[in-house]
Structures are given as C-alpha cells and as structure tokens.
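So the chains spell out like this:
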Amino acid sequence: MRDLPHSTRDIARELARKYSTMTHDELDILESVLVPRKFAKNEHILKEGEVCRDILYIDTGLLRQFYQKKGRILTEHLAVDGTIVMCIESLFREEPTKLQVEALEPSMCYALPKQRLEEVALHNVNIQILYRKILEESLILSQVHADLVRFESAQSRYKRLCKLMPKVVQRAPLNFIANYLQMSPETLSRVRSATLLE
C-alpha cells in the first residue's frame, strides 16, 4: 500500500494517461465525475440482485467478482490497483446482477457513475474515448479469461495469469486463484511447484 493516498485529481490524470489524452477542462470534468469509495477487507461492494450503477477504478486494493452456480461459488475476476471492475450486463441493462463483488483487502476505489459519465461524454470527445476504451478493456479481459479456461492446460493457464496479472498472483489467496483458473487448489499447488522448478 502507498503511504500517501492519491487525490481525485491524480486519479483523473491516471485515467486520462491510461485511456485518453485530455485538456485541462476535460480533466476538471472527469475529476468532478469521480466518487471516492473506501472498502474494508471482506466488505461486500455489490450483492446478487442489486443493480450495478458504477464503473470502479481501483486505486489501491484487491477486489473479487464472483457468482454462485449449483451451490458452488465461482470466481469470475480478480482485480488490483490500477484496474477496473464492473458488472457490465447489469450496468447496461440496468437489471439485477447475478455477479457479486467483494474487497479481499482494504481497498480505495473511485467510482465512475455510469449516468454521470454518459452525460459528460455527450459533450466531450476525449471522455467518450476514455469510456469506450474502458469498456473495450473489460470485454477483452472477459474474452481472455474465457479462452484461458476453455483452451489452455492447467500449467499454461497459470503461466498466462502470472504474465497478465502478476500482482493478482502475488496477493490473491490461492483458493481464489485456483477458482478463477477453474482448477482445484491441489492442482494449482502442483502447477506452481512445477513452474518454480523450470
């Protein structure tokens, strides 16, 4: 964790740097959209049946997105500092979500409320670009995860995750990593040992 928390202005700059160049005025507008939200470890951010209304940018922390199926809990996504979390279907259809979001570490996030973001995007091309790129990134991540569990062996799944999300591998509990990669904790343990020996 960082000693000094970022200001809302810092986060606006970080988002602009990552997704779209912005004028001083556009940065002011983006900053006005951001809502700081602090979560305690194990706090539920979004529960099944609620409607997702925000895109969350993680400044510091670790979040898990998961769902229940036939009595099993399945991890859909793990996200750390500098990344985005949203329940995309619920966000756009404005319908109750089946996905849940919880903080696995004390987390400092900044919400981009969809309604407000869309209002300002109407009049600001660079904010429109930022919005589009955030959505593109989210869809690509979902596709990467789907392909990972569909087409890759256990070993290559883990290696790809180490490459794509090194901070997640370092910080997330092993049972959640195994769950995300759709393998048992025992298989993950074997795969990790084999990877370390290479």
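You'll find the structure just up there.
Residues numbered from 1 in each chain as written. Predicted model: local features only at pLDDT ≥ 70, side-chain atom pairs only at ≥ 80, totals over all residues. Heavy atoms only, no water.

Thoughts on the overall build of the protein chain
So, step 1. Across its full length, the protein chain carries 9 helices and 8 strands.
So, step 2. Evaluated residue by residue, the protein chain yields a buried proportion of 46% over its 198 residues.
So, step 3. A separation threshold of at least 6 residues defines the contact pool for the protein chain, and within that pool the share at least 24 residues apart is 70%.
So, step 4. Counting every atom, the protein chain has about 10,800 Å² of accessible surface; 53% of that belongs to carbon and sulfur.
So, step 5. Within the protein chain, one finds 29 positive and 27 negative side-chain charges whose respective centroids are separated by 6 Å. (Helix = DSSP H or I, 4+ residues; strand = E, 2+ residues; numbered from the N terminus. Buried < 20%, exposed > 50% of the residue type's maximum accessible area, 1.4 Å probe, protein only. Contact = heavy atoms within 4.5 Å. Areas by Shrake-Rupley, 256 points an atom, 1.4 Å probe, with all protein chains shown as cover. Lys, Arg positive; Asp, Glu negative; His and termini not counted. Charge placed at Lys NZ, Arg CZ, Asp CG, Glu CD.)

So, the pattern of salt bridges
So, step 1. With the rule as written, the count across this model stands at 15 salt bridges.
So, step 2. The closest approach of N and O atoms between Glu 119 and Arg 116, which form a salt bridge, is 3.8 Å. Here the residue Glu 119 and the residue Arg 116 both occupy positions in helix H4 (residues 114-121), the gap between them amounting to 3 residues, near one helical turn. (Salt bridge = Lys/Arg side-chain N within 4 Å of Asp/Glu carboxyl O.)

Side note on the sheet that holds strand E4 (residues 62-69)
Hydrogen bonding along the main chain pairs the strands of a sheet, whether they run parallel or antiparallel.
So, step 1. Sheet architecture is open: 4 strands sit in the order E2-E7-E4-E5, paired in antiparallel fashion. Because the sheet does not close on itself, it has two edges, and the strands there are strand E2 (44-46) and strand E5 (72-80). Across this sheet, the average inter-strand angle for adjacent strands is 30 degrees, counted without regard to direction.
So, step 2. In this structure, E2 lies alongside strand E7 (residues 100-103), joined through 2 bridges in antiparallel fashion. By the bridge assignment, His 44 is partnered in E7 with Glu 102. (Pairing = 2+ DSSP bridges. Axes fitted to C-alpha atoms, helices over the stretch in contact; angles between N-to-C directions.)

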